[in-house]
Amino acid sequence: MATLEKISAFAGKTFTVWVLIFAVIAYFLPQHFAWIGNYIVPLLGIVMFGMGLTLELSDFKEVFKKPLEVALGVIGHFVIMPLIAFLLAVGLNLPKDIAIGVILVGCCPSGTASNVMVFLARGNVALAVAIASVSTILAPIVTPLLILLFASKWVHVSVLSLFLSVVQVIIVPLLLRFIVKRFFGKQARAGAKAMPLVSVVAIVLIVAGVVAGSAEKIAQTALLVFAVVILHNLLGFIIGFFFARLCGMDLAKQKAVSMEVGMQNSGLGVALATAHFSPLAAVPSAIFSVWHNLSGSLLANIYSRMKDKKAVNPDTKPAASQHM
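About the thresholds
- Residues numbered from 1 in each chain as written.
- Predicted model: local features only at pLDDT ≥ 70, side-chain atom pairs only at ≥ 80, totals over all residues.
- Heavy atoms only, no water.
- Helix = DSSP H or I, 4+ residues; strand = E, 2+ residues; numbered from the N terminus.
- Buried < 20%, exposed > 50% of the residue type's maximum accessible area, 1.4 Å probe, protein only.
- Contact = heavy atoms within 4.5 Å.
- Areas by Shrake-Rupley, 256 points an atom, 1.4 Å probe, with all protein chains shown as cover.
- Patch = residues over 30% accessible without salt bridge, like charges linked within 9 Å, V, L, I, M, F, W, Y side chains within 5 Å.
- Salt bridge = Lys/Arg side-chain N within 4 Å of Asp/Glu carboxyl O.
- Phe/Tyr/Trp six-rings, centres within 6.5 Å; stacked < 30°, edge-to-face > 60°.
- Lys NZ or Arg CZ within 6 Å of the ring centre and 35° of its normal.
- Axes fitted to C-alpha atoms, helices over the stretch in contact; angles between N-to-C directions.
- Parallel < 35°, antiparallel > 145°, perpendicular 65-115°, else oblique.
- Nonpolar A, V, L, I, M, F, W, Y, C, P; charged D, E, K, R; others polar.
- Core = buried A, V, L, I, M, F, W, Y, C linked by side-chain atoms within 4.5 Å.
- pLDDT = per-residue confidence, 0-100.
- Left-handed = near helix turned anticlockwise from the far one by under 90°.

Side note on the overall build of the protein
Then step 1. Along the backbone of the protein there are 15 helices and 0 strands.
Then step 2. Buried positions account for 55% of the 324 residues belonging to the protein.
Then step 3. Intrachain contacts of the protein at a sequence separation of at least 6 include 86% that bridge at least 24 residues.
Then step 4. Within the structure as shown, the protein displays about 14,400 Å² of accessible surface, and the carbon and sulfur contribution to it stands at 71%.

As structure tokens, then:
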């Protein structure tokens, strides 16, 4: 088990590298990876189940301690990112499928890597965990409604179908987590140590499947999609930071809100695009999955050098629930 735990930790730390390697291989050899597209939803369910194994009820304590700040973070996330996505789609006159894909990314809950990035940035981890947890729980209701609001310009949106998909991908695995932990606590704690490895494999397969299924269209639109995804992510970080400052939060909390706003659960975007829209619509989410880990790491390094002389951040423990 110790060896498996070490391999799992290594996989978690080198996650982005593996995603990049297999994305490139899938692009040049799509015939070997296209079949994965049929299994994206269950693969993402595995990722969410793994995340759920490490979630604790204590992760929600900040909601009760500082409900206003958590609410502001969640509102900021679900307002800023969808709005930026819509404005980019309209302002840049994006092709239909790419526009839908960018909006899907923007409407997803907070990303699964954000808590670790907040820890590395010396931000307020407790606030970050609370924002990520609440945005995930609200996703079945909020995400479909946001997609309806912002994407209906390009395509018919079925709120009920999207709701059921988000429940299937996010809520069901999390509920299974609570059941497993309740009745098989010891085994669940042991299994949680291997989940970073399982999650890395699942996300790598998801990205490879999406790239393989859209290789030809990626070749035609790669530069445009990369540019939009990078702009979307960076604007989310920047606006999230100043939104928190405008709300009177200290520097540690500004870092947390910035990361939680700018980083998305892009795996959910891939699943929704694949199930309800088109393979090309899944490409922005797949690229976002790779990019936000790179940008988040770089920003965490910058943030870690920023000091707030007026406040001392008490939260120095990373969230065990977030590995990617």
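What to know about a nonpolar patch on the surface
Then step 1. A cluster of nonpolar residues, Phe 10, Val 17, Trp 18, Ile 21, Val 24, Ile 25, Tyr 27, Phe 28 and Leu 29, forms a patch on the protein surface that exposes about 810 Å² of accessible area.
Then step 2. Considering every element that reaches the nonpolar patch, the biggest residue donor is helix α2 (residues 15-28), with 7 residues.
Then step 3. Overall, the relative accessible area of 30% leaves Tyr 27 in the partly exposed class.

Quick notes on the side chain of Thr 136
Then step 1. Take Thr 136: it is sitting in helix α8 (residues 125-151).
Then step 2. Among all residues touching Thr 136, those that are not within four sequence positions of it are Met 48, Pro 109, Ile 170, Ile 171 and Leu 174.

Description of the packing of aromatic side chains
The description of two aromatic rings rests on the distance between their centres and on the angle between their planes.
Then step 1. Counted according to the given criterion, the structure contains 6 aromatic pairs.
Then step 2. With centroids separated by 5.4 Å and ring planes inclined at 80°, the aromatic side chains of Phe 241 and Phe 242 adopt a geometry described as edge-to-face.
Then step 3. By relative accessible area, which is 7% here, Phe 241 ends up buried.
Then step 4. Aromatic rings pair up to connect Phe 86, Phe 150 and Trp 154 into one cluster.
Then step 5. Lys 153 extends its terminal NZ or CZ atom over the ring of Trp 154, reaching a point 5.8 Å from the ring centre.

A word on the pattern of salt bridges
Then step 1. On inspection of all chains with the given rule, the structure shows 1 salt bridge.
Then step 2. Here Glu 69 makes a salt bridge to Lys 253, at a shortest N to O gap of 2.9 Å. Taken together, the residues span a long stretch of sequence, with Glu 69 in helix α5 (residues 67-91) and Lys 253 in helix α13 (residues 251-262) at a distance of 184 residues. Summarising the burial analysis for this pair, Glu 69 and Lys 253 share the class buried.

Here we look at the packing of helix α14 (residues 266-276) against helix α15 (residues 283-304)
Then step 1. Viewed as axis vectors pointing N to C, α14 and α15 meet at an angle of 170°, and their least axial separation amounts to 8 Å. Judged by the inter-axis angle, α14 sits roughly antiparallel to α15. Each of Ser 266, Gly 269 and Val 270 in α14 lies in contact with α15, whose residues at this interface are Ser 285, Ala 286, Phe 288, Ser 289 and His 292.
Then step 2. Split into classes, the residues belonging to the contact of α14 with α15 amount to 3 nonpolar, 5 polar and no charged.

Structural notes on the nonpolar core
Then step 1. Membership of the largest hydrophobic core comes to 96 residues, with the highest contact counts inside it found for Ile 103, Ile 147, Ile 170, Met 259 and Leu 268.
Then step 2. Aside from chain neighbours lying at most four places away, what touches Ile 170 is Met 48, Pro 109, Thr 136, Ala 139, Asn 265 and Leu 268.

Concerning unusual backbone geometry
Then step 1. We note that Asn 93 has phi near 50°; this positive angle belongs to a residue other than glycine.
Then step 2. Note that Asn 93 resides in the loop between α5 and α6 (96-107).
Then step 3. Of note, Arg 122 is a non-glycine position whose phi angle comes to about 60°, a positive value.
Then step 4. Locating Arg 122 in the fold gives a position in the loop between α7 (114-120) and α8.
Then step 5. Using a relative accessible area of 53% as the deciding quantity, one classes Arg 122 as exposed.

Describing the confidence of the model for the protein
Then step 1. Chain-level statistics for the protein give a pLDDT mean of 82 and a share of 84% at 70 or above.
Then step 2. With pLDDT under 50 throughout, residues 316-324 is counted as low confidence; its partners more than four residues away or in other chains account for 32 contacts.

Quick word on the packing of α5 against α13
In a pair of packed helices, the angle between the axes and the distance between the axes together describe the arrangement.
Then step 1. The N-to-C vectors of α5 and α13 enclose an angle of 35°; their axes lie 9 Å apart at closest approach. For α5 against α13, the interelement crossing comes out right-handed. Residues Glu 69, Gly 76, His 77, Ile 80 and Met 81 of α5 pack against Lys 253, Glu 260, Val 261 and Gly 262 of α13.
Then step 2. A breakdown of the residues in the contact of α5 with α13 according to their chemical character gives 3 nonpolar, 3 polar and 3 charged.

With respect to the environment of Ile 147
Then step 1. Locating Ile 147 in the fold gives a position in helix α8.
Then step 2. Distance from Ile 147 to Leu 104, taken between C-alpha atoms, is 6.6 Å for residues 43 residues apart in sequence.
Then step 3. The residues contacting Ile 147, other than those within four sequence positions of it, are Leu 104, Cys 107, Ser 152, Val 157, Leu 162, Leu 272 and Phe 277.

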